[in-house]
Amino acid sequence: MFTRAIAAILALPFVAQLASADTCTRTYVAQSGDICDSISQANQVSTYQLAVVNYGIIDDACDNLVVGNTYCLGWEGEDCTTTYVVQANDICDSISAAAGINNTILYENNPQINDDCTNIYIGEVLCTASTVEVPPAPSGTTPATTIPPTAIPANPDGDIPWCD
């Protein structure tokens, strides 16, 4: 009896974790040549959201995708499908203005962006929804902060493009 009680107590955290697991609303099966940004672009999911919903499955560099594996794209109630692909000379102000949102919402949906918006890169996919729709980062982390080694900064000299 005592052994069963101890076993039940030890199993409780695992049962609770399964009961509170988020429900995946969209999935994608990895193909040869995929990278996180290409998956994000093709499926209207931000690079950040893809990293969060696959935390512990896809590594920070996104270099461990397995062809044929199914990856989650969004969780029920936390699935941003309004996205923008970063282009050359983009800055956060112009992205926000084009999307009709303020910078606060842009940063809340894309917490991997640093305060001065100098770490966005060409091809990165951002959530541009008018409300906060992305899932929160796992405790103590900010996924999608590793910039791919082949990435090109959107605004490498930090200038405002139209003021040169």
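The structure reproduced in this document is the subject of the present report. (Residues numbered from 1 in each chain as written. Predicted model: local features only at pLDDT ≥ 70, side-chain atom pairs only at ≥ 80, totals over all residues. Heavy atoms only, no water.)

Glancing now at the pattern of salt bridges. Under the criterion given, the structure shown has one salt bridge. The partner of Arg26 in a salt bridge is Asp79, with the nearest N and O atoms 2.8 Å apart. Within this pair, whereas Arg26 is found in strand β1 (residues 24–29), its partner Asp79 is found in the loop between β2 (70–75) and β3 (83–85), the two being separated by 53 residues in sequence. Given the relative accessible area of 19%, Asp79 is considered buried. (Salt bridge = Lys/Arg side-chain N within 4 Å of Asp/Glu carboxyl O. Helix = DSSP H or I, 4+ residues; strand = E, 2+ residues; numbered from the N terminus. Buried < 20%, exposed > 50% of the residue type's maximum accessible area, 1.4 Å probe, protein only.)

Take the state of the cysteines next. Inspection of the entire model under this criterion finds four disulfides. Through a disulfide, Cys24 is tied to Cys72; the S-S separation comes to 2.2 Å. Every disulfide takes its handedness from the sign of the S-S torsion; for Cys24 and Cys72 that torsion is 115°, giving right-handed. Taken together, the residues span a long stretch of sequence, with Cys24 in strand β1 and Cys72 in strand β2 at a distance of 48 residues. Cys72 sits in the buried class, given a relative accessible area of 11%. Covalently, Cys92 is tied to Cys117 through a disulfide, its sulfur atoms 2.0 Å apart. The S-S bond linking Cys92 to Cys117 shows a torsion near 80°; that makes this disulfide right-handed. Separated by 25 residues along the polypeptide, Cys92 in helix α4 (residues 92–99) and Cys117 in the loop between α5 (103–109) and β4 (125–127) bring together distant segments of the chain. No difference in accessibility class separates Cys92 from Cys117, as the two residues are buried. (Disulfide = S-S within 2.5 Å.)

Counted residue by residue, β2 has five buried out of six residues, so it is predominantly covered. Relative to β2, β1 runs antiparallel, the two being bridged by five bridges. Its bridge partner being in β2, Tyr28 is matched across the sheet by Tyr71. (Pairing = 2+ DSSP bridges.)

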